[in-house]
Amino acid sequence: MAYAASTVTKGDYGLLISTYDSIAREPKTYGEVFKKFGKGFWTQNFLHLAGQVRDFGSETIKIIEEGAPERPVTVSIPTAIAGAESTITVASSDASDKYLRSGFDIVIPATYTNATVPKPMRVAYNGSAWKGYFYDPLVAITTALTTVEVIVGASSWGRGSGQPDGMASGFYERSTNARILKDTGGVEGGQIWQDDWQEVELANGSKGILSRLLTEMEFRLDSQKDSALFLGEKNDNNSLTYTSTASGAHKIPSFDGLVPTMKSLAQPLTYSTNFDMTKFEAVNALLEAVGVTNREIDFLVGTGLMTNVENAMNSWLNTNSPGTELYDMIRKYVGFNVRTIEKNGCTFNLVKLDSMSNPNKFGHANLPYKDWGFMFPKGEQKVTLSPSGQEQQTLKLPHLTLGYAVGKTENRRHWFNVHPGVNGIGHNVVANDLDGVKFYCGTHIIPVWTYMNQTILVTKS
């Protein structure tokens, strides 16, 4: 988890420290705080997806990434008699229209024709629609294709003809946005002295005071960040607005989290009852379809899917690996110790998402996420980031880079401020006439999801 020191207005509360400031404490002291305040810090999973943290001076980041050199395209074609011209609808929602060019073949599976083998069809764009002819005049489309994936084959040209259109280089542009998260803690006068305070030593030797109230408040903020990264959605509702104290009404900023992003861009892999060995076998073909060469995959699984995989692997080994070493193999590779599975040229590193077992959050009985999984091929990919009003940067990034709004002397990674009232703490300045004190914290995050078309979303039907 990538933390940064908070932006704190210390004032009369100079000894109070944020949990974020205390991350740098000596391990012994930090361990004592964990023991005292519980294991809440360890329940956040999706923050750990951020293999890299960056500061951005713009809320809107354009992401430019390179697609696969070749891939299937999605088409719809009505029935047609032998030798007739076919009208082809090429999907744009998955960028199939970027991968199909005039003069090239698409290969129609035999299932949709009167032939016994797949047949190539040459396609051309006439300025307003895609048309296609089979080379074999006896072939007819007997069953309509409705949003069916087909492969792109070779081109064919005559003497003296021109060159094909250039490929669009397989580059894609997407934009991400920001989200502001906040939380508040407060305690009335007469209760402050009863709160659970602890003096701690920072790594640089200075002293600070950490309280349970502050710790719980900042844990809630981390939990918000986790929820935003997992389930957040971009705000496309013009009625969902707020009124700024400085500049009137604006649409509330938000971004797509992991689930909406993978629903839109990742490859789907569903299972109904058991996520067994056949499902692992299918992954290699899915990776090949989008040009992924790395076959080592981080497989993040919910608690229900983890149990399902364990049970399926035990059953598979009982059926396929009889012998005296069976139980040693189960203990080493499967059972409750399962961490790595190798199948069909792919290595899967299983990572259980503990937050999926929290019945108060993602593991709630009415939510499906404990039975879901998220596959991320290892490695970093080249991405060009173009923040609004800033120079483009070409970087190698993991699938998630967690960005923060930082720039021009303002650091919005994490802020922590105190709002003192009139009470017996002994400060010199008050901000209101109430008997108590409030604590405020917040963060301004900008996630950058990259190469999500190479990831695989596992869902239970």
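Below you will find a few notes about this structure.

Conventions and cut-offs
- Every chain is numbered independently, its residues counted from 1 as its sequence is written.
- This being a predicted model, a pLDDT of at least 70 is required before a residue's local features are given, and a value of 80 or more before pairs of side-chain atoms are given or counted; all residues contribute to the totals for chains, interfaces and linings.
- With hydrogens and water excluded, all non-hydrogen atoms of the structure serve as input to the side-chain values.
- Numbering of helices and strands starts at the N terminus; helices are DSSP runs of H or I of at least 4 residues and strands are runs of E of at least 2.
- Using a 1.4 Å probe on the protein chains alone, a residue whose accessible area is under 20% of its type maximum counts as buried, one over 50% counts as exposed, and one in between counts as partly exposed.
- What makes two residues a contact is simply this: any of their non-hydrogen atoms within 4.5 Å.
- Pairing of N or O atoms within 3.5 Å defines a polar contact, subject to two protein rules: one partner must be a possible hydrogen donor and the other a possible acceptor, and residues neighboring in sequence count only if both atoms are side-chain atoms.
- For two strands to be treated as a pair, DSSP must find at least two bridges joining them.
- In this analysis, rings of Phe, Tyr and Trp, with Trp reduced to its six-membered ring, are considered paired at centre separations within 6.5 Å, and the interplanar angle assigns stacked below 30 degrees, edge-to-face beyond 60, and tilted for intermediate values.
- By definition here, charges over rings are those cases where NZ of Lys or CZ of Arg is within 6 Å of the ring centre and within 35 degrees of the ring normal.

In the Ramachandran plot, Thr147 falls in the positive-phi region, its phi being about 45° despite a non-glycine side chain. For Thr147, the position within the fold is in strand β9 (residues 145-155). The phi torsion at Thr409 lies on the positive side, around 75°, for a residue other than glycine. You can call Thr409 exposed: its relative accessible area is 89%.

On to the environment of Asn294. Here Asn294 lies in the loop between α4 (277-289) and β17 (296-301). Separated by 83 residues in the primary sequence, Asn294 and Pro377 place their C-alpha atoms 6.5 Å from one another. Aside from chain neighbours lying at most four places away, what touches Asn294 is Leu287, Pro377, Lys378 and Gly379. Within the local environment of Asn294, its side chain forms a polar contact with the backbone nitrogen of Glu296, the two atoms lying 2.9 Å apart. Within the structure, Asn294 has its side chain in polar contact with the backbone oxygen of Lys378 (distance 3.3 Å).

A separate point is the pairing of strand β27 (residues 456-460). Extensive coverage of β27 is indicated by the burial of four of its five residues. Pairing analysis gives five bridges linking strand β16 (residues 267-271) to β27, with the strands arranged parallel. Of the residues in β27, the one forming a bridge with Tyr271 is Lys460. Where strand β20 (residues 373-377) meets β27, three bridges bridge the pair, whose relative direction is antiparallel. Pairing of Gly373 across the sheet is with Val458, part of β27.

If you check which residues of helix α3 (residues 258-265) are buried, you get Leu258, Val259, Pro260, Thr261 and Met262. For α3, the secondary structure elements touched by its buried residues are α2 (212-231), β20, β26 (436-449) and β27.

What follows covers the environment of Ala312. For Ala312, the position within the fold is in helix α5 (residues 303-320). Placed 35 residues apart in sequence, Ala312 and Met277 show a C-alpha to C-alpha distance of 7.7 Å. In this structure, Ala312 is in contact with Phe275 and Asp276, ignoring residues within four places of it in sequence.

Take the packing of aromatic side chains next. The final tally for this structure, using the stated rule, is 11 aromatic pairs. Between Phe230 and Phe362 the ring centres are 4.6 Å apart and the planes differ by 65°, which places this aromatic pair in the edge-to-face class. Pair noted here: Phe230 is in helix α2 and Phe362 is in the loop between β19 (346-352) and β20, with a separation of 132 residues, a long-range link. Ring pairing ties together the aromatic residues Phe230, Phe362, Tyr369, Trp372 and Phe374, which thus form one cluster. Above the ring of Trp157, the side-chain terminus of Arg122 is found at 5.3 Å from the ring centroid.

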